[in-house]
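# Reading the structure
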Amino acid sequence: MLSLNLKDNDARVLQSLGDSDYLIALIAVNKSDSNNVICIADDTDILILLLHLAKSNHNGLYLEPSSSNATRSQWDISQTQTILGIPLLSSILFIHAFL
């Protein structure tokens, strides 16, 4: 198994028992407390989770699409939160569930 090989080579491995989107977003947000973070993913669920979970005092937190045909190079999470505003951000998970 890949995770065992990584652990054998002293890599830190976190394995999700369910959907990994939440774990990916949570780790990115936690790391952005002290570092600039670029999360590379094409999943809009991760974008929504980053917008929901990120604190206002984080360092640079960005989502970069991995596909080469993406129309936007990076999402600046802080800037996007500011544009959307608190009322929309507080409901973003609910809204995303229906879209």
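To start, this report covers the structure provided alongside it.

Rules behind the numbers
- Residues numbered from 1 in each chain as written.
- Predicted model: local features only at pLDDT ≥ 70, side-chain atom pairs only at ≥ 80, totals over all residues.
- Heavy atoms only, no water.
- Buried < 20%, exposed > 50% of the residue type's maximum accessible area, 1.4 Å probe, protein only.
- Helix = DSSP H or I, 4+ residues; strand = E, 2+ residues; numbered from the N terminus.
- Pairing = 2+ DSSP bridges.
- Right-handed = clockwise from strand over helix to strand, strands pointing away.
- Patch = residues over 30% accessible without salt bridge, like charges linked within 9 Å, V, L, I, M, F, W, Y side chains within 5 Å.
- Areas by Shrake-Rupley, 256 points an atom, 1.4 Å probe, with all protein chains shown as cover.
- Salt bridge = Lys/Arg side-chain N within 4 Å of Asp/Glu carboxyl O.

Once that is clear, we can look at the pairing of strand 1 (residues 37-40). Burial of the side chains of strand 1 is restricted to one face: Val37 and Cys39 are buried, whereas none of Ile38 and Ile40 on the reverse face is. Sheet analysis places strand 1 next to strand 2 (residues 61-64), joined by 4 bridges and oriented parallel. Note on strand 2: the bridge partner recorded for isoleucine 38 is tyrosine 62. Note on the crossover from strand 1 through helix 3 (residues 44-53) to strand 2: the handedness is right-handed.

A cluster of nonpolar residues, Leu88, Phe94, Ile95, Phe98 and Leu99, forms a patch on the protein surface that exposes about 590 Å² of accessible area. Among the structural elements, phenylalanine 98 can be located in helix 5 (residues 92-98).

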